[in-house]
Amino acid sequence: MSEVAKQEWIDIAVTALEKAYVPYSHFPVGACLVTDTEKTYQGVNIENASFGLTNCAERTAFFKAVSEGEKQFSHLVIAGHTPEPISPCGACRQVMAEFCSPEMPVTLVGDDGVTKTMTVRELLPYAFTEKDL
Ligand code: THU
């Protein structure tokens, strides 16, 4: 992964923030999911008056990509208007564990471009996976 490509993926996730549908929380989140062939899928959080139906930005990106036949991913960027790099929710960490290798990097972005890159395993250690079934 080149630094130029990484910055491009960060820009895609940050640009997505404007498209988030967040009339209830006013907390936009943007995501850029990158496949093994470096195709990108943008995701945003999509809320609902029935709050529990809300879909997080990361899961929107995964569901877009998987529904297009993608199964191999190399990077995920998540952006929010947070003072520290945004922390993804537990449900999204579980979805990452389903579709990504434990070593896959996830770049978390906050305001002023502050970033932190962690692996899927670091985000969800001792994950429940198909091996546990
Ligand atoms: N949210 C995400 O999109 N991703 C996360 O990982 C954390 C939470 C959204 C859900 C909801 O629309 C808003 O942030 C506040 O919880």
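Bear in mind that the values here come from a model prediction, so they are computed numbers and not experimental data. (Residues numbered from 1 in each chain as written. Predicted model: local features only at pLDDT ≥ 70, side-chain atom pairs only at ≥ 80, totals over all residues. Heavy atoms only, no water.)

So, about the pairing of strand β5 (residues 115-119). Pairing of strand β4 (residues 105-109) with β5 involves five bridges; the strand directions are antiparallel. Residue pairing in the sheet places Pro105 in a bridge with Thr119 of β5. Following β4, the chain reverses through five residues before pairing antiparallel with β5; Asp112 in that reversal takes a positive phi of roughly 60°. (Pairing = 2+ DSSP bridges. Helix = DSSP H or I, 4+ residues; strand = E, 2+ residues; numbered from the N terminus.)

Bringing the sheet that holds strand β1 (residues 29-35) into the picture now. Strand order in the open sheet made by the five strands is β2-β1-β3-β4-β5, with mixed pairing throughout. Edge strands, defined here as strands with exactly one partner in the open sheet, are β2 (40-44) and β5. Strand-to-strand twist across the sheet, computed as the mean angle between neighbouring axes with direction ignored, equals 20°. As defined by bridge partners, strand β3 (residues 73-80) adjoins β4 across four bridges and the pair is classed as parallel. In the sheet register, Ile78 faces β4, and the bridge partner there is Leu108. Helix α1 (residues 3-16) rests against β1, β2, β3, β4 and β5 of the sheet, and its axis sits at about 145° to β1. (Axes fitted to C-alpha atoms, helices over the stretch in contact; angles between N-to-C directions. Contact = heavy atoms within 4.5 Å.)

For the rest of this paragraph, the subject is the UniProt feature "binding site: Zn(2+)" (unreviewed entry) in the chain. As annotated in UniProt, the feature "binding site: Zn(2+)" (unreviewed entry) corresponds to Cys56, Cys89 and Cys92 in the numbering used here. The largest pairwise C-alpha distance within this set of annotated residues, which runs over 37 residues, is 8.5 Å, so the set is compact in three dimensions. As for its position among the elements, Cys56 is in the loop between β2 and α2 (57-67). Owing to a relative accessible area of 19%, Cys56 belongs among the buried residues under this scheme. (UniProt positions renumbered as here; feature names shortened; annotations may be inferred. Buried < 20%, exposed > 50% of the residue type's maximum accessible area, 1.4 Å probe, protein only.)

Let's shift gears to the pairing of β3. Buried residues dominate β3, accounting for seven of its eight residues. One ladder, built from seven bridges, connects β1 with β3; its direction is antiparallel. In the sheet register, Ala31 faces β3, and the bridge partner there is Ile78. Chirality of the crossover, the property in question, places the unit of β3, helix α3 (residues 90-99) and β4 among those that are right-handed. (Right-handed = clockwise from strand over helix to strand, strands pointing away.)

The topology assignment puts Val29 in strand β1. Distance from Val29 to Ala57, taken between C-alpha atoms, is 5.7 Å for residues 28 residues apart in sequence. Non-local contacts of Val29, meaning those with residues more than four positions away in its chain, are made with Leu17, Ala20, Gly43, Val44, Asn45, Ala57, Glu58, Ile78, Ala79 and Ile86.

Let us look at the site of the ligand. The local shell around the ligand consists of Ser25, Phe27, Val29, Asn45, Glu47, Thr54, Cys56, Ala57, Glu58, Pro88 and Cys89. In this structure, an oxygen atom belonging to the ligand sits 2.8 Å away from a main-chain N or O atom of Cys89. The class makeup of the residues in the shell around the ligand is six nonpolar, three polar and two charged. (Near = heavy atom within 4 Å. Polar contact = N/O pair within 3.5 Å; in protein donor to acceptor, adjacent residues only side chain to side chain. Nonpolar A, V, L, I, M, F, W, Y, C, P; charged D, E, K, R; others polar.)

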